[in-house]
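# Geometric and topological summary
What follows is the residue order along each chain.
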Amino acid sequence: MTSRETILLQPGAIALAQLRKVVRDGAFVALDGEARALVTESNRAVVRILESGRTVYGVNTGYGKLAQVSIPREQLAELQRNLVLSHSVGTGPLIDDATVRLILVLKLASLAQGFSGVRWAVVEALLAMLERDLLPCIPSKGSVGASGDLAPLAHLAAALIGEGEVRIGGERLPAGEGLKSAGLEPLILGPKEGVALLNGTQVSTALALVGLFAAEDLLRAGLVTGALSVDAAMGSTTPFDARIHAVRRQPGQSAVAAVFRDLLAGSAIRDSHLECDRVQDPYSLRCQPQVMGACLDHMIFAAEVFGRESNAVSDNPLVFADDDEVLSGGNFHGEPIAMAADVLALAIAEIGALAERRVALLIDANFSGLPPFLVAESGINSGFMMAHVTAAALASENKSLAHPASVDSLPTSANQEDHVSMATFAARRLGDMADNTAGILGVELLAAAQGIDFHAPTRSSDILMEVLSAVRERVPGMKRDRFMAPDIAAIKALVASGRLNQFVTDDLVPSRLR
């Protein structure tokens, strides 16, 4: 079994590259040494407030529309437990284990900054669950993104107190039984701790980060498949000339054009048609730097928002220990995540939409100069005809999913929460969109590889011939019609795995830059 790295987290200064390791590599985490003192002092402030007899929202009152109800001190533990149980109303498929692990890390990082009033025991309980891979079962639906991700985070908190369900090594069992098997005791929540666990944007942020990490892989895969399509269709490399992009002054566009120059450098296929009479290529070939560069720029914007939110304290109310003050605001509102996720959705959709157009071009002999539908003896063979239909279906589905979620709002909690962000759905749908785009790119990679095969023995660039070899290790060229679904599944898996990343510089990975 491969050993898993332990990452030292400094709450408030966590890099997205560290969180990518949590998701992709299952990395363990440890906290910076200063965290315990900050958390302890914050909790002491809560204790002092209670001892003073003050009535403070979130500490000794009801919640939401019931904020005016004062709760006696002897009922505060029951208040916290009831809050968790009453808010555990999620539905739908469970969030996958890797994302749940990230949710736990983000909640841990928020509480550890010392503005939430919880005891150090709560932080220790979250760390213990991570260390033992004891993961709460969190339904994926039921949050409107304000006041934070209440329902899904309630399921996380429920597992801490021995309610609900957990997964250990993929096995689903009652939380109490899971805690016992891991050598842990159910946590008895103190004042303020239930609301600190339930409030916050950690679920939306985790889902958005998983979408971002997938989009980064898709962007680089799309550049590789797009370059291969350029050579398959005997397209021009003139549109990638640095001088064209310098005067546009769009940084993503220039960076993407440089990648295309690197990928296509030394192509004998390109050299074979330098004197051809084609004046211009269709936009899906010629305008790749402009489209994919815009996707990159917007992904960088989304990464910046997600990076800040990963380091945010987003529960409510917040405890400022230096002044013994508890302030109620609205950091739980998920609008930053919702809007950035909407932008990221556009990028994911466009990567797929452009690739689908290139597949359509490759199978059309009038544009590509290749055999109709990329198969010899077309007519008796249909070749890539229906593979393109699959790509078109996936691209169309992404168009619907790309509709902005952040513009929707339904009032909740008897109109106390009268504007909500829908951040959780905005982030969650990114996974479906990324899966669709991986499928489109898989079809394009198969089609472009088939096109390159028709140009043999003339070779593409050394880099793209390596890509072709990676495809042919998994799927042979198509001589005649065959059962094609396994071919698409195999190359879609290659795209989604990030194996194509090696052919494109890491400078195009927003999470590594933040």
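The preceding data block contains the structure.
In what follows, the accompanying structure is described. Since the structure is predicted, the reported quantities are computational estimates derived from the model, not experimental observations.

Broken down by element type, the protein carries 21 helices and nine strands. Relative to a compact globule of 514 residues, whose C-alpha radius of gyration would be 24 Å, the protein shows 26 Å and is just as compact. Its C-alpha atoms give the protein principal-axis dimensions of about 85 × 50 × 45 Å. Per-residue burial for the protein yields a buried fraction of 55% across its 514 residues. A fraction of 78% describes how many contacts in the protein between residues 6 or more apart in sequence connect residues 24 or more apart.

Once that is clear, we can look at the packing of helix α18 (residues 423-454) against helix α19 (residues 462-472). Geometrically, a packed helix pair is captured by the angle between its two axes and the distance between the axes. Orientation of α18 relative to α19, taken along the N-to-C sense of each, is 115 degrees, at an axis distance of 10 Å. As summarised for this structure, α18 and α19 are arranged roughly perpendicular, according to the angle between their axes. Read as a crossing pair, α18 and α19 show a hand that is left-handed. In contact with Leu 445, Leu 446, Ala 449, Gln 450, Ile 452 and Asp 453 of α18, α19 contributes Met 465, Val 467, Leu 468, Val 471 and Arg 472. Per-class residue counts for the contact of α18 with α19 are eight nonpolar, one polar and two charged.

In space, the three strands of this open sheet follow the order β4-β6-β7, with antiparallel pairing throughout. Edge strands, defined here as strands with exactly one partner in the open sheet, are β4 (134-136) and β7 (171-174). With strand direction ignored, the average angle separating the axes of adjacent strands in the sheet is 35 degrees. Of the strand pairs in this sheet, strand β6 (residues 165-168) and β7 are connected by four bridges, and their pairing is antiparallel.

Once that is clear, we can look at the pattern of salt bridges. For the structure on display, the rule yields 25 salt bridges. Two residues, Asp 453 and Arg 472, come together in a salt bridge whose shortest N-O distance is 2.7 Å. Of this pair, Asp 453 sits in helix α18 while Arg 472 sits in helix α19, placing them 19 residues apart in sequence. The shortest N-O distance in the salt bridge between Arg 482 and Asp 487 comes to 2.8 Å. Classification of Asp 487 by relative accessible area gives buried; the value is 10%. Within the structure, one salt-bridge network assembled from shared partners comprises Arg 20, Arg 24, Glu 216, Asp 217, Arg 220 and Asp 506.

A separate point is unusual backbone geometry. Each neighbour pair has its own omega, and for Asn 316 with Pro 317 the value is 0 degrees, a cis peptide bond. Within the element layout of this structure, Pro 317 appears in the loop between α14 (288-310) and β8 (318-320). In this structure, the amide linkage connecting Ala 456 to the following residue, Pro 457, adopts the cis form with an omega of 10 degrees. Residue position: Pro 457 is located in the loop between α18 and α19. Although it is not a glycine, Asp 324 adopts a positive phi angle of roughly 50 degrees. One non-glycine residue with positive phi stands out, namely Met 422, at about 60 degrees.

Further remarks concern the side chain of Lys 192. Relative to the elements of secondary structure, Lys 192 occurs in the loop between α7 (175-181) and α8 (193-198). Exposure remark for Lys 192: the relative accessible area of 0% places this residue in the buried category. Within the local environment of Lys 192, its side chain forms a polar contact with the backbone oxygen of Ser 116, the two atoms lying 2.9 Å apart. Residues contacting Lys 192, with those up to four places away along its chain left out, are Gly 58, Val 59, Gln 80, Ser 116, Gly 117, Asp 315, Pro 317 and Val 319.

The next subject is helix α17 (residues 385-401). Since one α-helical turn is 3.6 residues long, residues separated by three or four positions face the same way. Relative to the 24 Å expected for 17 residues at 1.5 Å per residue, α17 spans 25 Å between its end C-alpha atoms, a close match to the ideal helical length. Listed in full, the buried residues belonging to α17 are Ala 387, His 388, Ala 391, Leu 394, Ala 395, Asn 398 and Leu 401. Axial view of α17: buried residues confined to an arc of 140 degrees, hence all on one face. Exposed residues on α17 whose side chains face more than 90 degrees from its buried face are Met 386, Lys 399 and Ser 400. Buried residues belonging to α17 abut α15 (335-363), α18 and α20 (485-496).

Right, let's get into the environment of Ala 345. Position of Ala 345 among the secondary structure elements: in helix α15. Here Ala 345 falls in the buried class, since its relative accessible area comes to 0%. Through-space distance from the C-alpha of Ala 345 to that of Lys 399 is 9.3 Å; in sequence the pair is 54 residues apart. Aside from chain neighbours lying at most four places away, what touches Ala 345 is Ala 402, Arg 429, Leu 430 and Met 433.

Attention shifts here to the packing of aromatic side chains. The tally for this structure, following the rule as stated, stands at two aromatic pairs. Judged by centre distance (4.8 Å) and plane angle (10 degrees), the ring pair of Phe 240 and Phe 260 falls under stacked. With Phe 240 in the loop between α9 (202-232) and α10 (242-246) and Phe 260 in helix α11 (residues 251-264), the pair connects residues that are 20 residues apart, well separated along the chain. For the pair Phe 240 and Phe 260, a shared accessibility class is recorded, and that class is buried.

This part is about the environment of Thr 99. Within the secondary structure layout, Thr 99 lies in helix α4 (residues 97-111). Considered as a pair, Thr 99 and Pro 11 are 88 residues apart in the sequence and their alpha carbons are 19 Å apart. Every residue in contact with Thr 99, bar those within four places of it in the chain, is listed here: Ala 206, Leu 207 and Val 210.

It is worth spelling out a nonpolar patch on the surface at this point. Where nonpolar side chains cluster on the molecular surface, the patch consists of Met 385, Met 386 and Val 389 and spans about 260 Å² of accessible area. Using a relative accessible area of 51% as the deciding quantity, one classes Met 386 as exposed.

For the rest of this paragraph, the subject is α11. With 14 residues, α11 should cover 20 Å at 1.5 Å per step; its first-to-last C-alpha distance of 20 Å lies within 8% of that length. For α11, the complete set of buried residues consists of Gly 252, Gln 253, Val 256, Ala 257, Val 259, Phe 260, Leu 263 and Leu 264. Looking straight down α11, one finds that the buried residues subtend no more than 155 degrees of arc, so they occupy a single side. Across from the buried face of α11, at angles greater than 90 degrees, the exposed residues are Pro 251 and Asp 262. Of the residues one or two after α11, Gly 266 is the one with positive phi, at around 85 degrees.

Criteria and cut-off values
Residues numbered from 1 in each chain as written. Predicted model: local features only at pLDDT ≥ 70, side-chain atom pairs only at ≥ 80, totals over all residues. Heavy atoms only, no water. Helix = DSSP H or I, 4+ residues; strand = E, 2+ residues; numbered from the N terminus. Rg over C-alpha atoms; globule rule 2.2 N^0.38 Å. Buried < 20%, exposed > 50% of the residue type's maximum accessible area, 1.4 Å probe, protein only. Contact = heavy atoms within 4.5 Å. Axes fitted to C-alpha atoms, helices over the stretch in contact; angles between N-to-C directions. Parallel < 35°, antiparallel > 145°, perpendicular 65-115°, else oblique. Left-handed = near helix turned anticlockwise from the far one by under 90°. Nonpolar A, V, L, I, M, F, W, Y, C, P; charged D, E, K, R; others polar. Pairing = 2+ DSSP bridges. Salt bridge = Lys/Arg side-chain N within 4 Å of Asp/Glu carboxyl O. Polar contact = N/O pair within 3.5 Å; in protein donor to acceptor, adjacent residues only side chain to side chain. Expected span 1.5 Å × (residues − 1). Arc of directions from axis to C-beta. Phe/Tyr/Trp six-rings, centres within 6.5 Å; stacked < 30°, edge-to-face > 60°. Patch = residues over 30% accessible without salt bridge, like charges linked within 9 Å, V, L, I, M, F, W, Y side chains within 5 Å. Areas by Shrake-Rupley, 256 points an atom, 1.4 Å probe, with all protein chains shown as cover.

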